[in-house]
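Coordinates in review
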Amino acid sequence: MNKRLIFILFTVVLLVAFSACARKETQPPQQDQTPQEGAIKDGVYFQEGEADERGWKPMITIIVNNGKIVKAHYDEINQENNLKGFDQEYLDDWKDKSGTNLLTAEKKLVDSLIEKQDPEQVDSVTGATSTTGKFKDLAAKALKNNPQDKKSSGYYNGLFKAELDFDERGWKPYAAVI
């Protein structure tokens, strides 16, 4: 009798556990996917600026979906095709002098652009005044153009970045494609 009761209780517990973990098929509320009047045209926007006196040329890529800016990437490149965001010595020196650097400034600028949806409304980053100005200027110029057409290779011109979380040793994978 005890074994049978334990078996029944065990079966009920398993059924409850499996039903609680079961995937529920619910439909998310339908949102209007039609871009509103004056919305930004969907696509990938890219803009390069002129090289500064130290040889760094700013560039920005902005991705728009459903009339909204959903992602952006900013960096500066020199004649040797090195990205400022990958120059650790430069980043450390900048951070020592101003308390910030391109990597932290870029994140703040991109987040502000996505939130405000208007380059002119992007918040300035203390310690990165020049970078803020270049970011806002390039973003405005990029969005005044039409989005790019995909190349025959299936790719777009631009700067694209990806990063993962820090691993257990404190390293953070980070990649850029130009």
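In this text, all values refer to a predicted model and were calculated from it rather than measured experimentally. (Residues numbered from 1 in each chain as written. Predicted model: local features only at pLDDT ≥ 70, side-chain atom pairs only at ≥ 80, totals over all residues. Heavy atoms only, no water.)

What follows deals with the environment of lysine 161. Residue placement: lysine 161 occurs in strand β4 (residues 160-163). The class for lysine 161 is buried, based on a relative accessible area of 13%. Considering only alpha carbons, one finds lysine 161 and histidine 73, 88 residues apart in sequence, at a separation of 6.6 Å. (Helix = DSSP H or I, 4+ residues; strand = E, 2+ residues; numbered from the N terminus. Buried < 20%, exposed > 50% of the residue type's maximum accessible area, 1.4 Å probe, protein only.)

Of note in this structure, asparagine 66 is not a glycine but carries a positive phi near 55°. In this structure, asparagine 66 sits in the loop between β2 (57-65) and β3 (68-77).

Locating glutamate 76 in the fold gives a position in strand β3. Among the polar contacts listed, one links the side chain of glutamate 76 to the side chain of lysine 134, at a separation of 3.2 Å. Beyond its immediate chain neighbours, meaning those up to four positions away, glutamate 76 contacts Asp52, Trp56, Lys57, Pro58, Asn82, Leu83, Lys84, Leu102, Thr131 and Lys134. (Polar contact = N/O pair within 3.5 Å; in protein donor to acceptor, adjacent residues only side chain to side chain. Contact = heavy atoms within 4.5 Å.)

Proteins that are soluble and globular tend to have nonpolar side chains buried together. The biggest cluster of nonpolar side chains holds 23 residues, and the ones touching the most others in it are Ile60, Ile62, Leu113 and Phe135. Where this core is concerned, the elements lending two or more residues are β2, β3, α2 (88-98), α3 (102-116) and α4 (129-144). Filtering out sequence-adjacent residues up to four positions away, isoleucine 62 remains in contact with Gly43, Val44, Tyr45, Ile69, Lys71, Ala72, Leu113, Ala139, Ala142 and Leu143. (Core = buried A, V, L, I, M, F, W, Y, C linked by side-chain atoms within 4.5 Å.)

On to the packing of aromatic side chains. For the structure on display, the rule yields three aromatic pairs. Each residue in the set Trp56, Tyr90 and Trp94 is aromatic and connected to the rest through ring pairs, giving one cluster. (Phe/Tyr/Trp six-rings, centres within 6.5 Å; stacked < 30°, edge-to-face > 60°.)

You can see glutamine 121 is positioned in the loop between α3 and α4. On the accessibility criterion, glutamine 121 (45% relative accessible area) is partly exposed. Separated by 15 residues in sequence, glutamine 121 and lysine 136 have C-alpha atoms that sit 8.6 Å apart. Ignoring sequence-local partners within four residues, the contact set of glutamine 121 consists of Ser112 and Lys116.

Think of a sheet as strands paired side by side through backbone hydrogen bonds, with each pair either parallel or antiparallel. Pairing within the open sheet is antiparallel, and its three strands lie in the order β1-β2-β3. With one partner strand each, in any of the chains shown, β1 (43-48) and β3 form the two edges of the open sheet. The sheet shows a mean angle of 15° between the axes of neighbouring strands, taken without regard to direction. As judged from the six bridges shared by β1 and β2, these two strands associate in the antiparallel manner. Bridging across to β2, phenylalanine 46 finds its partner in threonine 61. Contacts between α3 and the sheet are confined to β2 and β3, with β3 contributing the most and set at about 155° to the helix. Against the sheet, α4 touches β1, β2 and β3, its axis set at about 50° to β2. (Pairing = 2+ DSSP bridges. Axes fitted to C-alpha atoms, helices over the stretch in contact; angles between N-to-C directions.)

What follows covers the pattern of salt bridges. Side chains carrying opposite charge are able to pair once their charged atoms draw close together. Throughout the structure, instances matching the rule amount to ten salt bridges. Residue lysine 97 pairs with aspartate 93 through a salt bridge whose shortest N-O separation is 3.2 Å. Residue lysine 97 and its partner aspartate 93 are located together in helix α2, separated by four residues, close to a single helical turn. Judged by its relative accessible area of 66%, lysine 97 falls in the exposed class. Note that aspartate 167 is salt-bridged to arginine 169, the shortest N-O span being 3.3 Å. (Salt bridge = Lys/Arg side-chain N within 4 Å of Asp/Glu carboxyl O.)

Here we take up the packing of α3 against α4. Packing of α3 against α4 leaves a shortest axis separation of 11 Å and a crossing angle of 40°. Looking at the two axes, α3 sits oblique to α4. Crossing of α3 over α4 shows right-handed handedness. Across the interface between the two elements, Leu102, Leu109, Val110 and Leu113 of α3 pack against Thr131, Thr132, Phe135 and Ala139 of α4. Taken together, the residues of the contact of α3 with α4 break down into six nonpolar, two polar and no charged. (Parallel < 35°, antiparallel > 145°, perpendicular 65-115°, else oblique. Left-handed = near helix turned anticlockwise from the far one by under 90°. Nonpolar A, V, L, I, M, F, W, Y, C, P; charged D, E, K, R; others polar.)

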